[in-house]
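Below, each chain spelled out in residue letters.
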Amino acid sequence: MIQKLVQSKIKSILKIRNSDSNKGTFGHALLIVGSKGKMGAAVISAKACLRSGVGLLTLDVPSKERAIVQISIPEAMVIDRKNKEIDFTFFSAIGIGSGIGITKNTQDILIQLLEEYKQPLVIDADALNIISSNKKLLKKIPKGTILTPHTKEFDRLFGDHIATEERIKSAVKKAKELNCIIVLKGHKTVITNGTETFQNTTGNAGLAKGGSGDALTGMITAFLASNYTPFESAKLGVYLHGFAADYTLKKQSMESMLITDVIENIGYSFKSCLKSP
Ligand SMILES: NC(=O)C1=CN([C@@H]2O[C@H](COP(=O)(O)OP(=O)(O)OC[C@H]3O[C@@H](n4cnc5c(N)ncnc54)[C@H](OP(=O)(O)O)[C@@H]3O)[C@@H](O)[C@H]2O)[C@@H](O)CC1
Ligand SMILES: Nc1ncnc2c1ncn2[C@@H]1O[C@H](COP(=O)(O)OP(=O)(O)O)[C@@H](O)[C@H]1O
Ligand SMILES: [Mg+2]
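Residues numbered from 1 in each chain as written. Chains lettered and ligands numbered in written order. Predicted model: local features only at pLDDT ≥ 70, side-chain atom pairs only at ≥ 80, totals over all residues. Heavy atoms only, no water.

Caption draft 1: Region of interest: the pairing of strand 8 (residues 181-184). The alternating pattern of strand 8 places Ile181 and Val183 on one face and Ile182 and Leu184 on the opposite face, and all of these are buried. Hairpin geometry of strand 8 and strand 9 (residues 190-192) is characterised by an intervening segment of 5 residues between the two adjacent antiparallel strands. (Buried < 20%, exposed > 50% of the residue type's maximum accessible area, 1.4 Å probe, protein only. Helix = DSSP H or I, 4+ residues; strand = E, 2+ residues; numbered from the N terminus. Pairing = 2+ DSSP bridges.)

Caption draft 2: Region of interest: the UniProt feature "domain: YjeF C-terminal" (unreviewed entry) in the protein chain. As annotated by UniProt and renumbered to match this structure, "domain: YjeF C-terminal" (unreviewed entry) occupies residues 6-273. With 44% helix and 13% strand, the stretch residues 6-273 has end C-alpha atoms that lie 10 Å from each other. (UniProt positions renumbered as here; feature names shortened; annotations may be inferred.)

Caption draft 3: Examining the UniProt feature "binding site: (6S)-NADPHX" (unreviewed entry) in the protein chain more closely. Summarizing the sequence annotation, UniProt attributes the feature "binding site: (6S)-NADPHX" (unreviewed entry) to Ala41, Gly99, His150 and Asp214 in the numbering used throughout. Mapping Ala41 onto the fold places it in helix 2 (residues 39-50). Residue classification places Ala41 among the buried positions, given a relative accessible area of 9%. Beyond its immediate chain neighbours, meaning those up to four positions away, Ala41 contacts Ser98, Gly99 and Asp214. If you trace the backbone, Asp214 turns up in helix 8 (residues 212-225). (Contact = heavy atoms within 4.5 Å.)

Caption draft 4: Geometry of the site of ligand 2. Around ligand 2 sit 17 residues, and of these Lys185, Gly186, Thr189, Gly211 and Gly213 come closest. In this structure, an oxygen atom belonging to ligand 2 sits 3.0 Å away from a main-chain N or O atom of Asp214. If ligand 2 stood free it would expose 580 Å²; the protein chains cover 80% of that surface. Looking at the shell around ligand 2, the element that brings in the most residues is helix 8, giving 4 residues. (Near = heavy atom within 4 Å. Polar contact = N/O pair within 3.5 Å; in protein donor to acceptor, adjacent residues only side chain to side chain. Areas by Shrake-Rupley, 256 points an atom, 1.4 Å probe, with all protein chains shown as cover.)

Caption draft 5: Up close: the side chain of Ser132. For Ser132, the position within the fold is in helix 5 (residues 125-132). Ser132 gets classed as buried once you look at its relative accessible area, which sits at 13%. If we skip the residues at most four places from it in the chain, Ser132 touches Glu153, Arg156 and Leu157.

Caption draft 6: Region of the structure containing the sheet that holds strand 10 (residues 197-200). One open sheet accounts for 10 strands, arranged 1-10-9-8-7-6-5-2-3-4; its pairing is mixed. The sheet is open, and its two borders are formed by strand 1 (2-5) and strand 4 (77-80), each paired with just one other strand. Both strand 9 and strand 10 contribute to a ladder of 3 bridges, which runs antiparallel. The residue of strand 10 that forms the bridge with Val190 is Gln199.

Below you can see the structure in the form of structure tokens.
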């Protein structure tokens with residue numbers, strides 16, 4: 001049975017930020033995102049991550065591109081993509097894939113990460129495509145990892161599907177098999193851990209634009225770093241992302257909406273869910 005992901009469920013998950021908390025309370029996230037020409041994905045995912053409550057954020061980007069993020073997001077720290085000495089285990093949560101491209105370097109980083117990091121990851125976009133072209137990597141995905149494919153990425157990973165219902169059934173089966181969370185993105189995103197399955201009730205076609213998924217990756221990574229469980233993190237990210245997009249319609253149309261407008265409204269999503277009955 002597919003349950004509707006509604007506001008009361010989100011409210012029951014959201015934790016109130018304690019007044020005596022410090023940045024360490026909300027974890028240190030690492031986002032391995034962006035590449036030459038796709039640094040927008042890095043900036044978008046980082047901003048969305050920071051707007052979702054993470055304590056500290058480090059971005060792993062190609063060294064020639066670091067100025068872009070340092071100038072546009074002073075809150076984030078930056079490390080060099082080529083640095084092989086990175087201790088991944090230092091980070092509370094890691095998101096990888098948005099805008100990274102498929103190169104020898106990004107393939108090596110993903111393989112190194114899957115060898116060294118045994119906690120749940122958030123895997124998106126090109127990192128999913130790297131796994132699709134080297135299916136042996138599926139077995140190395142840490143338990144509880146959140147995979148965030150759109151339809152095409154899902155089919156690259158698990159084979160072609162014609163009907164949506166058939167794809168959802170596969171998502172449930174694969175989530176169980178791989179012991180992970182699958183966020184099957186689309187008009188009505190489906191989130192499953194293989195046992196329970198939810199369909200999102202927020203969001204609109206203003207999100208049908210490049211960068212919307214990159215923002216979602218940043219948000220889910222922030223929740224994971226802040227100690228929400230992987231399933232909770234996926235649900236919070238998907239619902240609040242869509243909710244912020246719906247609120248954006250107060251000022252923008254679906255045509256004019258930018259994902260950066262949506263990110264600016266994440267705060268409203270939190271406020272509204274926390275105060276709802
Ligand atoms: N500013 C930046 O830096 C940006 C960077 N980005 C980065 O670029 C990389 C490539 O990512 P990508 O998703 O654009 O490429 P790809 O996997 O070929 O899929 C594209 C095609 O898939 C389809 N499709 C998608 N959703 C679907 C759905 N729900 N239902 C059905 N079909 C669906 C659709 O194809 P169509 O419907 O035309 O067949 C669509 O044209 C990645 O790393 C990403 O993070 C982007 O985020 C843009 C902003
Ligand atoms: N018509 C729509 N209605 C609601 N949400 C949508 C719609 N189209 C796209 N989205 C959402 O926007 C995001 C798109 O993700 P993705 O395709 O990975 O974008 P990108 O890679 O360009 O950042 C997903 O969260 C998806 O659910
Ligand atoms: Mg994407």
